[in-house]
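Examining the three-dimensional arrangement
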Amino acid sequence: MDGVTRIGVSLEPELLAEFDKIIQKKGYVSRSEAIRDLVRDSLAENEWKNDKEYMCGVITMIYDHETTGLSEKLTEVQHAALHSIATTIHMHLDHGRCMEIIAVEGELGALKQLSNDISSIKGVLRCKLTMASKTTAHIHYVGLRND
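First, a word on what this report is: a plain description of the structure on this page.

Criteria and thresholds
- Residues numbered from 1 in each chain as written.
- Predicted model: local features only at pLDDT ≥ 70, side-chain atom pairs only at ≥ 80, totals over all residues.
- Heavy atoms only, no water.
- Helix = DSSP H or I, 4+ residues; strand = E, 2+ residues; numbered from the N terminus.
- Contact = heavy atoms within 4.5 Å.
- Areas by Shrake-Rupley, 256 points an atom, 1.4 Å probe, with all protein chains shown as cover.
- Buried < 20%, exposed > 50% of the residue type's maximum accessible area, 1.4 Å probe, protein only.
- Salt bridge = Lys/Arg side-chain N within 4 Å of Asp/Glu carboxyl O.
- Pairing = 2+ DSSP bridges.
- Axes fitted to C-alpha atoms, helices over the stretch in contact; angles between N-to-C directions.

**Comments concerning the overall build of the protein**
Broken down by element type, the protein carries five helices and four strands. Sequence-ordered secondary structure for the protein, helices as α and strands as β, is α-α-β-α-β-β-α-β-α. Here the analysis covers contacts within the protein between residues at least 6 apart in sequence; of these, 68% occur between residues at least 24 apart. For the protein, the accessible surface area stands at approximately 10,400 Å², while carbon and sulfur atoms represent 54% of it.

Written out as structure tokens, the structure reads:
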């Protein structure tokens, strides 16, 4: 690998054994790749602390579609945040529950607020915002928007 710097890491035997078990379950071929992913995750999480940072991610929600007025409220909230929403995917889970995945982009603070607005609606059973770092987001989402 060109451009790679080798470092040494000292770990207690018990911690290393637990780490090896986890990375084996996840299918990593080396400790180095697992550590690189941990470092990337840590850097991304640090970006998630700045509400002014431009980010991309998804809001995943499960809701009871039989709740009176829920569809209208979800539509209203999403239309108010139209500038942040790239696309949505809707799935029917069973007779009473649906899942919706909303691809979002914009300032982190606005995305958090959108997720909070959705999760506070009566009938929304679960709502989770999952973010990608702006660098990762740019690589994956560039060219998807028409504006």
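Structure's up, so let's keep going.
**Quick look at the side chain of serine 84**
Tracing the chain through its elements places serine 84 in the loop between α3 (70-80) and β2 (85-92). Residue classification places serine 84 among the buried residues on the basis of a relative accessible area of 4%. When sequence neighbours within four positions are dropped, the list of residues in contact with serine 84 reads Ala103, Val104, Glu105 and Leu111.

**Focus: the pattern of salt bridges**
Within the structure shown, the criterion is met by six salt bridges. Lysine 112 serves as the salt-bridge partner of aspartate 51, at 3.0 Å between the closest nitrogen and oxygen. Of the two residues, aspartate 51 sits in the loop between α2 (31-47) and β1 (54-64) while lysine 112 sits in helix α4 (residues 108-119), which places them 61 residues apart along the sequence.

**Quick look at the sheet that holds strand β3 (residues 97-107)**
Reading across the sheet, the four strands line up as β2-β3-β1-β4 and stay open at both edges, with antiparallel pairing between neighbours. Edge positions in the sheet fall to β2 and β4 (124-132), since each has one partner strand and no second. Geometrically, the sheet is characterised by an average inter-axis angle of 15° between neighbouring strands, direction not taken into account. Pairing of β1 with β4, which is carried by eight bridges, proceeds in the antiparallel orientation. The partner of threonine 60 across the bridge, within β4, is lysine 128. Its contacts with the sheet put α3 on β1, β2, β3 and β4, and the angle it makes with β1 is roughly 175°.

Bear in mind that shape data such as this cannot, by itself, settle questions of function.
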